[in-house]
Each structure stands twice: as C-alpha cells, then as structure tokens.
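Structural characterization, general
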2 protein chains.
Amino acid sequence: MSFSYLTHLECPKCHEEYSPDEVQQLCHCGSPLLVRYNLEEAKANFTKETLASRENSLWRYHEVLPVKNPGNVVTLGEGMTPFVQMEKLGQHIDVPNLFIKDEGIIPTGSFKTRGASVGISKAKEIGVKQLAMPTNGNAGAAWALYSARAGIKATIVMPVDAPTITRKEVAVSGGDLHLVNGLISDAGKIVGQLVKEQGIYDASTLKEPYRIEGKKTMGYEILEQMNWEVPDVILYPTGGGVGLIGIYKAILELRELGWIKDDKLPRLVAVQAEGCAPIVKAWEEGKTESEFWENSETSAFGINVPKALGDFLVLEGIYATNGCAIAVSENDITAAQKEIARFEGNFICPEGAATFAAARILREKDWIKADETVICLNTGAGIKYPETVDIENLPLLQPGEAIKN
Amino acid sequence: MSFSYLTHLECPKCHEEYSPDEVQQLCHCGSPLLVRYNLEEAKANFTKETLASRENSLWRYHEVLPVKNPGNVVTLGEGMTPFVQMEKLGQHIDVPNLFIKDEGIIPTGSFKTRGASVGISKAKEIGVKQLAMPTNGNAGAAWALYSARAGIKATIVMPVDAPTITRKEVAVSGGDLHLVNGLISDAGKIVGQLVKEQGIYDASTLKEPYRIEGKKTMGYEILEQMNWEVPDVILYPTGGGVGLIGIYKAILELRELGWIKDDKLPRLVAVQAEGCAPIVKAWEEGKTESEFWENSETSAFGINVPKALGDFLVLEGIYATNGCAIAVSENDITAAQKEIARFEGNFICPEGAATFAAARILREKDWIKADETVICLNTGAGIKYPETVDIENLPLLQPGEAIKN
C-alpha cells in the first residue's frame, strides 16, 4: 500500500519519459509534462469506499497525487469545495439541473490553491528552496502563501492591473513581489529571464508538471459529489486552461480506475471573454493550437491570457469530449454575476460568472438540452473582486435617525 | 427517525418555554431564548458512525439543528471548515499542539455564515418574508446573501466604518442596505425602531434563537475533527459572543449524547481588544454581566461590540469551563496577523489574529501549559480586510525590464 502510485513524467507530444524524483520543467521538445501513475496497482487498495472516511481535503485522493512521503504534504485544508444545485437560476435560464462547483470556498479564495498545495508539496519533496512565477494575481497569492508554509522563497511577478487583494496576499506572506506595467505575458518574460540567469525553479503555468495534478482534483470531487454519475456538461473559465486539462485527465484516470462508466464523457466547455478568446478562435477554426491574441482585455482578469502554453491540451479535451469553446461579453459577465447573487446567494468572481452567462447562451442555442446536468465552475470568491460591485447614492443615517420608506 | 429532534425554546433566565413553530424573539423577561432537543431520543439513530458518510457541511448534524423539514434548508455548502495544525508558529510561541479552526473558508468568508444558514432556514420554515438586522459587516453580508437565496427581504444597517467589502456583499445580493454614522449599537437602535413600527422579523444577535444553533456547529466540528477528544483550550474572538455560547452549548449536548467523555471541559477563552473589552472587565471583576464600554475602538471591527445581549451566557461559559477573558493590544493583533501568514500561510482576519496573540500571552503567563492542545478560532478570511496589509515602495517594472537583486 503506497501513499502515492506515482511512476513517472511523460511528454504528451514526443512521449519522452522523465524521473519525478528531481526537478523537471518542460520536455526538451518544449511541451509541458504530464504525471503518470500505476493505476492498475492503485486499484487494489484505492477504492470509492475507502474515501468515505478520509479527510475533507483534496489529499483524500493521495494515491493519484504525486507526493510520495505524507510528511511533505503542505496543506491548509484545501478542497472538497461546495457542490450546490442552483434551482432558481436553473429555472430562470431553463437549465433545471444546474450546479455550481464553488472554488471560492478554499484557502486563498481561488481554485489556484489546488495547484499551489500539490505543486508546493512536490517542490518541497524534490528539495526546491526558491521559485519564481508570473501570475494574473490569484495563482501568485496562493503560491506565495503555500511557499511561506513550506519555507520556500517565492518571487512573484504580476501585472499592475491584477486584483489588488492578491498583491496584499503576496505581501503578507513575506513573498518577493514585483509589479509589471503590462500583461501576464510580460510578467512571464521577466520570470523567464530570472529563471535562466539564476537557475531557480520555474513555477509558471505548466512549466512545472504538478499544478495540473492539484487542479485535476476538481474532476475527482465533482464526480464524487455526483456519486460517480458522469454529468453532461462542465463549463470552465479558460485562461491558461490548466483546470480543464486537469478535469479531463481526472475523467480518464477515473475510467481507468473503473470508478465511472466508460460510455459517457462530460462535454467540456472552455469559456472565454470576447476581449480575449484565443481558444474560441482556434476551436471555431478547427485548429489544434491557438494564436497570440493581440490587445487582449476583459474585466475577468484571470482569463486574460493571450496565449496559453497548454492550448493544445485544452483543445484536445474539448474535441475528445465533443465539447465547445464560447466567448461571452463583458455585459453578460456583469449581469450574470449580479443575477447569481440575487437568485442563489453566491457572490462569485467575474471569471466564474462567465460560465453561467455561457450556459444561458448554449441553452438558447439548444447546444445544452433542458434535461442535461450542467456544472458551472466558479474559480474564485467574489470578495476578492470588490470593484465588480458598484454602490450608488447610499444615504448615511445619523444615530437616532429612522429608516425612511 | 426524525430529521430534527427539536422540541421547544427555553429561557435560560426564567425557564419559560416557547413553541418553535411560530416567530419568537426574546423571552418576555428580556433574555435570549435557547433551543432544546430531545437528545435522549436522538441518540438511538444519531451516532458518531452515521456522520462518516454524511455531506460535507454543517447540516451533517441536522438532528441537533432546528429545521424540521429538509426542504427548508438554505445551504451553500457551509461548514466543515479546515482544522489544521500550526507547527511552526506553535514551536515559535511554545504551544506545540496549536491548531487553527479556519472559519474564513466558508461561503461569504466569515463564521457568520453558520448563523445565517441555520437562522434563515428556520425563518423560512416559520414563514418569515422580511427581516432586519444591525451588523458590524460580516453578519449582514451573510444574512443578506442567504436571504436572497431563501427569497426573504433583508434590511441591513451597518456602521459606515464596517469593512467595505461587506457593503458590496449586501448590495450584490439585492439587500436593503443602510449605513449609519456610528457604532453597531446605533445601528441596533435604528433596527429596533423599524422592527417595532413595522412588525418585521428582528434578526439581531440573539434576538432570534437560531443563530446560536448555527454557531454551535463549530463546536461539533472541532470535536469531530479531533476525533472526539476534548481539547484543553479554545480561544474565541468575542464581540457578541454567540460563537462562544454556541461552542459551550455544543459541548454540553455532546456530553448528553455520550459522544465525548464527561470528565473534561475545554477551557473557553474570550479574546477582546484593549479598546473594547467589556467581557474582560466583567470577568476580572468576577461579575456575571458586563457594562457598556464607552468610546470603544479597535481595528478588529467584528469585536467592536460595547455591550453584548448575551454577555451573561458568555461569562457563564467561561466560569463553567474554568476559562478566562483577555484583552490584546492593536499592535499585538497586527503583528500576529503577519506572523501567521509568514509561518503558516494563513491570511486571517484581525479578529482571528487576536486569538493567536492571546495564546502567546497566556502561554507566557503559564495559564496555557506547553503540553496542552490549543485551538484558535479564526472568524474570517483576511481577503475581506485588505486595509490590514500595507505595501510600501513597490517598484513598477516595464515590459522587458529585469528584476534587480
């Protein structure tokens, strides 16, 4: 009985294999690496039934996570986020079986925490002392805080327009924070240079192999929370796309484990903003890779990613599951965010709101059928985005004054 | 087998009993009411073992919650928050068995959500259509969002100095928001007048009996997460004090259920800020009630409560468990908040940080022994308090520029 059934790293492009016991970044062919396990062997001890009594975090799936020694696990109790039906909103948009997977309810308030917990744990296991990464905010916050817990030095570079709160999170963790007057792609170049010059660990999206493993636990959890019934559609706000890649990987692993039936895949939907929709463009043109999106812009800052390193894996997940890619407008995002709070009581981030806006459109187009089970993934807490809510003309009462009707 | 073993409401002062099937506020003697259950009968079906397969929220304890019909439960998946050891910080302050119960990791980002979920569910069950409440921010945010989900109209009155984000949460929910140029006690008077004039449901702290029931689930969870071993000390940041009252109630119920041993109670510690410490003053003077604290002030806004309606119940919980009450300085709060993030990766709220500052002092005084198991309750997410982190002199890089060392 092993804590992890990790075997090796594999390049999905050229199939070269690498050892997971030392630092690995990209494959020499330039592709991200994927983590592989001996699932055949895992099956014997790792069963659905064993999960019931496990701890209430993503580490309940430790057999299919890359950390070999439990002593290296860096955890703040992340995962097993709420999975809740949206009855009123579902009726309103004629998707009665509408659910939210709410990744705002997790340490650091965004789904980036999953990648940070697993990525930092593995970094600790292989002896990393210092790392650097570009970020649109939430990932940097999560990696900085988990790095602090692990005793790793973290250098974080983020656009000056990234949500202010994420800057504060890096600062309070004692992380080495830098702002750049540009996009995440500009931050990426700065990190690239630093990494090259100083040989420190590059924790950029997909440049280390373990972040996907954290993200894939969203797929495991959705299936466990659905009692291992495969849903029809999962909508995911797509920037770097690691979550979608991870969920797709989880589905394939769950099939191999024999925990879900082989005859159905959830259709995976990549949701982007009209102001930054490279995956949508590639999908519409039937391509397997995306092109850099010039002058990208959206209030849903986390999905302002003009070119994702893993774009080919995202597109593979979409094509293989008969999914689709769709862009929504800024107005639709803002309206959806408000509507979700008023109907359901969830205050979610604009990226998450985009998935509900997309579900409505896809239902109108009849791409989603009324009887289908649809899951919208909210990637972060609305409380991290105070600027998305306007308050106008609120009168100030004096003590003793009465509320006027 | 009942969903709930609720029997009646009881006044802890004059012992008058009330029906839980209609709206009840305070006892006619002026005291808050407590909820009672038939725990003897509950025992037969409600066992520790049944919990393992239950859903991952506070509703796993539904037999000892006041909602009779599961259809009335208003939930966003709240509860079962992280319970995590703080090894490095624990060593640093010589409390090796130091744990955080992290109530920031919950919908709306604060422990107020527990009271809102249970309180709103019961309000829905007894037919409430409209409610009003004063708040220091977080409770108003939680009650407004859960009211939206339940279809109840919520009027929320908060001090203009309450955390800005909580204002936004009420606004996005569509709640009826009012600001007052004063303290929560001033907001309370405004609500009192509104309630009196219009006969709407008064959801003020302890003026409805069900919020405690939500809060008490923190006690159930701590014990479940400790595998039903009673800890030595629980520190709680005390404003209205409902959480402390609730945890004490949970301990007594768990004894009656026979789930924990009878020979040990956790010492309950009420932590306040030096600028607003009415419970500490009362405890130091051996009194059973507190006096109004004039000109109260603290950055830990949630515990800026000059006089709590349930003060006598808080003090009873402290005396009965051989606990204590302690005030900490603003500097200690700020220093603790930063230290916790740097050692452990948790970005917590100032109220929560106060409990760690208190643990350090109580250890220095040897009131806490080095071998004792100590739990600090963090009541909210640091991301709701961006103003608690200062960032100075952060240089702005231009695209292409390198990080200087």
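Residues numbered from 1 in each chain as written. Chains lettered and ligands numbered in written order. Predicted model: local features only at pLDDT ≥ 70, side-chain atom pairs only at ≥ 80, totals over all residues. Heavy atoms only, no water.

Chain A is annotated in an unreviewed UniProt entry as Threonine synthase from Mesobacillus campisalis. Regarding chain A, the UniProt comment filed under Cofactor (unreviewed entry) reads as follows: "pyridoxal 5'-phosphate". (UniProt positions renumbered as here; feature names shortened; annotations may be inferred.)

1. Quick look at the interface of chain A and chain B
Across the contact, 66 residues belong to chain A and 66 residues belong to chain B. When chain A packs against chain B, the two sides together hide about 5600 Å² of surface, and 65% of this comes from carbon and sulfur. Together, Val172(A), Ile383(A) and Ile403(A) form the three largest contributors to the area buried by chain A at its contact with chain B, with a combined 12%. Summed over the shared surface of chain A and chain B, the number is 2 salt bridges. One can count 25 residue pairs in polar contact (both at pLDDT 80 or more) joining chain A with chain B. Along the lines of polarity and charge, the residues of the side of chain A that touches chain B split into 34 nonpolar, 20 polar and 12 charged. (Contact = heavy atoms within 4.5 Å. Buried area = accessible area lost by both parts, 1.4 Å probe. Salt bridge = Lys/Arg side-chain N within 4 Å of Asp/Glu carboxyl O. Polar contact = N/O pair within 3.5 Å; in protein donor to acceptor, adjacent residues only side chain to side chain. Nonpolar A, V, L, I, M, F, W, Y, C, P; charged D, E, K, R; others polar.)

2. Thoughts on the sheet that holds strand S8 (residues 176–180) of chain B
Taken together, 5 strands build an open sheet; the order of strands is S14(A)-S8(B)-S7(B)-S6(B)-S9(B) and the sheet is parallel. Looking at which strands have only one partner, the edges of the open sheet turn out to be strand S14 (396–397) of chain A together with strand S9 (201–202) of chain B. For strand S6 (residues 130–134) of chain B and S9(B), the ladder comprises 2 bridges, and the chain directions are parallel. Bridging from a neighbouring strand, Ala132(B) pairs with Asp202(B) of S9(B). Lying on the sheet, helix H6 (residues 164–172) of chain B is in contact with strand S7 (153–159) and S8 of chain B; it crosses S7(B) at an angle near 165°. Sheet strands in contact with helix H7 (residues 184–198) of chain B are S14 of chain A together with S6, S7, S8 and S9 of chain B, and its direction is about 155° off that of S6(B). (Pairing = 2+ DSSP bridges. Helix = DSSP H or I, 4+ residues; strand = E, 2+ residues; numbered from the N terminus. Axes fitted to C-alpha atoms, helices over the stretch in contact; angles between N-to-C directions.)

3. Some details on the packing of aromatic side chains
When we look at a pair of aromatic rings, we describe it by the centre distance and by the angle of the planes. Evaluation of the coordinates by the stated rule reveals 10 aromatic pairs over all chains. Ring geometry for Phe83(A) against Phe99(A): centres 5.0 Å apart, planes inclined by 5°, an arrangement best described as stacked. Pair noted here: Phe83(A) is in strand S4 (residues 83–85) and Phe99(A) is in strand S5 (residues 97–102), with a separation of 16 residues, a long-range link. Residue Phe83(A) shares its accessibility class with Phe99(A), and that shared class is buried. Taken together, a centroid distance of 6.2 Å and an interplanar angle of 65° make the contact between Phe111(A) and Tyr236(A) edge-to-face. With a gap of 125 residues between them, Phe111(A) in the loop between S5 and helix H4 (112–125) and Tyr236(A) in strand S10 (residues 233–237) connect regions that are remote in the sequence. This pair shows no difference in class: Phe111(A) is buried, exactly as Tyr236(A) is. Here the aromatic residues Phe46(A), Trp228(A) and Trp259(A) are joined through ring pairs into a cluster of three or more. Seen from the ring of Trp367(A), Arg267(A) lies directly overhead, with NZ or CZ sitting 4.4 Å from the centre. Above the face of the Phe312(B) ring, Lys13(B) is positioned so that its terminal group lies 4.2 Å from the ring centre. (Phe/Tyr/Trp six-rings, centres within 6.5 Å; stacked < 30°, edge-to-face > 60°. Buried < 20%, exposed > 50% of the residue type's maximum accessible area, 1.4 Å probe, protein only. Lys NZ or Arg CZ within 6 Å of the ring centre and 35° of its normal.)

4. Side note on empty space enclosed by the protein
Rolled over the atoms, a probe sized like a water molecule indicates the empty space that remains. Within this structure, the stated rule accounts for 4 cavities of 30 Å³ or more. Surrounding the largest cavity, 32 residues form its lining, Gly104(A), Ile383(A), Gly104(B), Ala381(B) and Ile383(B) being those nearest its centre. Class assignment for the residues of the lining of the largest cavity results in 17 nonpolar, 11 polar and 4 charged. (1 Å grid on protein atoms, 1.4 Å probe; cavity = no way out; pocket = protein on both sides within 12 Å on 5 of 7 lines; lining within 4 Å. Points joined across faces, edges and corners; volume = space filled by probe spheres on them.)

5. With respect to the pattern of salt bridges
Evaluated as defined, the whole model comprises 56 salt bridges over all chains. A salt bridge links Arg54(B) to Glu63(B); the shortest N-O distance between them is 2.8 Å. Here Arg363(B) and Asp94(B) are joined by a salt bridge, their closest N and O atoms 3.1 Å apart. Of this pair, Arg363(B) sits in helix H13 (residues 350–364) while Asp94(B) sits in the loop between helix H3 (87–92) and strand S5 (97–102), placing them 269 residues apart in sequence. The exposure class of Arg363(B) is buried, given its relative accessible area of 14%. What you see here is one network of salt bridges that share partners, running through Asp94(A), Arg363(A), Asp366(A) and Lys369(A).

6. Topic: the sheet that holds S5(B)
Residues and elements named next belong to chain B. Taking strand neighbours across the sheet as the criterion, the 6 strands line up as S4-S5-S13-S10-S11-S12 in an open arrangement whose pairing is mixed. Both edges of this open sheet fall to strand S4 (83–85) and strand S12 (324–328), since each of them pairs with a single strand only. Averaged over all pairs of adjacent strands, the angle between strand axes in this sheet comes to 25°, irrespective of strand direction. Here 6 bridges tie S5 to strand S13 (residues 373–378), and the two strands are oriented parallel to one another. Across the sheet, leucine 98 pairs through a bridge with valine 374, a residue of S13. Relative to the sheet, helix H9 (residues 242–257) contacts strand S10 (233–237), strand S11 (267–273) and S13, its axis offset from that of S11 by approximately 175°.

7. What about the packing of helix H5 (residues 138–150) of chain B against H6(B)?
Residues and elements named next belong to chain B. Interaxial distance between H5 and H6 falls to 8 Å at its minimum, and their mutual angle equals 15°. Compared by their axis directions, H5 and H6 come out roughly parallel. As H5 runs across H6, the sense of the crossing is left-handed. For the pair H5 and H6, contact is made by Asn138, Gly140, Ala141, Ala144 and Leu145 and by Thr166, Glu169, Val170 and Val172, respectively. (Parallel < 35°, antiparallel > 145°, perpendicular 65-115°, else oblique. Left-handed = near helix turned anticlockwise from the far one by under 90°.)

8. Remarks on the nonpolar core
Among the nonpolar cores identified, the biggest contains 83 residues, and Ile120(A), Leu131(A), Trp143(A), Ile222(A), Leu223(A), Leu254(A) and Leu257(A) are the most heavily contacted of them. In terms of residue count, helix H9 (residues 242–257) of chain A provides more of this core than any other element does, 9 residues in total. The residues contacting Leu131(A), other than those within four sequence positions of it, are Ile120(A), Trp143(A), Ser147(A), Ile152(A), Lys153(A), Ala154(A), Thr155(A), Tyr201(A) and Ala203(A). Among the nonpolar cores identified, the runner-up in size contains 81 residues, and Cys11(B), Ile245(B), Leu268(B) and Ala325(B) belong to it. (Core = buried A, V, L, I, M, F, W, Y, C linked by side-chain atoms within 4.5 Å.)

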